[in-house]
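Below, each chain spelled out in residue letters.
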Amino acid sequence: MTEEKSDNDTQKPIIDYEVTADLTDYFCPFCNHKLFRGKVTEFNMVCSNCNKLVRSSNIPAKDSNQE
């Protein structure tokens, strides 16, 4: 008998271990809670800590020259 794969068989996940560079940490401007890490151009989300709406358009851009 040959073994046939069924639709219910689980397959090993594909995991990419390569480190993605240039990710930015995004913080809530109201309570300074870390929202997420990523590389996005625009976002609208509610902070899980203070429940306020955070819009990327309302956060002033930081210069890379400033520390």
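Residues numbered from 1 in each chain as written. Predicted model: local features only at pLDDT ≥ 70, side-chain atom pairs only at ≥ 80, totals over all residues. Heavy atoms only, no water.

A few words on the overall build of the chain. When helices and strands are tallied, the chain shows zero helices and four strands. Element order for the chain, N to C, with α for helix and β for strand: β-β-β-β. For the chain, the proportion of its 67 residues judged to be buried stands at 12%. Taking all contacts inside the chain whose residues are at least 6 apart in sequence as the whole, residues at least 24 apart take part in 8%. Roughly 6,800 Å² of accessible area belongs to the chain as shown, and the carbon and sulfur atoms make up 46% of that amount. (Helix = DSSP H or I, 4+ residues; strand = E, 2+ residues; numbered from the N terminus. Buried < 20%, exposed > 50% of the residue type's maximum accessible area, 1.4 Å probe, protein only. Contact = heavy atoms within 4.5 Å. Areas by Shrake-Rupley, 256 points an atom, 1.4 Å probe, with all protein chains shown as cover.)

On to the packing of aromatic side chains. Inspection of every chain in the model, using the stated rule, returns three aromatic pairs. Look at Tyr26 and Phe36: their rings are 4.7 Å apart centre to centre, the planes differ by 25°, and that puts the pair in the stacked class. You can see Tyr26 sitting in strand β1 (residues 24–27) and its partner Phe36 sitting in strand β2 (residues 34–38), a full 10 residues away along the chain. Pairing Phe36 with Phe43 gives two aromatic rings, centres 5.2 Å apart and planes at 85°, and the pair type is edge-to-face. (Phe/Tyr/Trp six-rings, centres within 6.5 Å; stacked < 30°, edge-to-face > 60°.)

Looking now at the environment of Leu35. With respect to the helices and strands, the residue Leu35 is situated in strand β2. Classification of Leu35 by relative accessible area gives buried; the value is 16%. Taking C-alpha positions, Leu35 is 7.6 Å from Asp25, a pair spaced 10 residues apart along the chain.

Summed over the entire model, instances satisfying the criterion amount to two salt bridges. The closest approach of N and O atoms between Lys34 and Asp25, which form a salt bridge, is 3.4 Å. A salt bridge links Asp25 to Arg37, with the nearest nitrogen and oxygen atoms 2.6 Å apart. Of this pair, Asp25 sits in strand β1 while Arg37 sits in strand β2, placing them 12 residues apart in sequence. Residue classification places Asp25 among the partly exposed positions, given a relative accessible area of 30%. Here the residues in one salt-bridge network are Asp25, Lys34 and Arg37, joined through shared partners. (Salt bridge = Lys/Arg side-chain N within 4 Å of Asp/Glu carboxyl O.)

Put simply, the chain has an average pLDDT of 79, and 73% of its residues get 70 or more. For the stretch residues 63–67, pLDDT sits under 50, and the model shows zero contacts to residues farther than four places along the chain or on other chains. (pLDDT = per-residue confidence, 0-100.)

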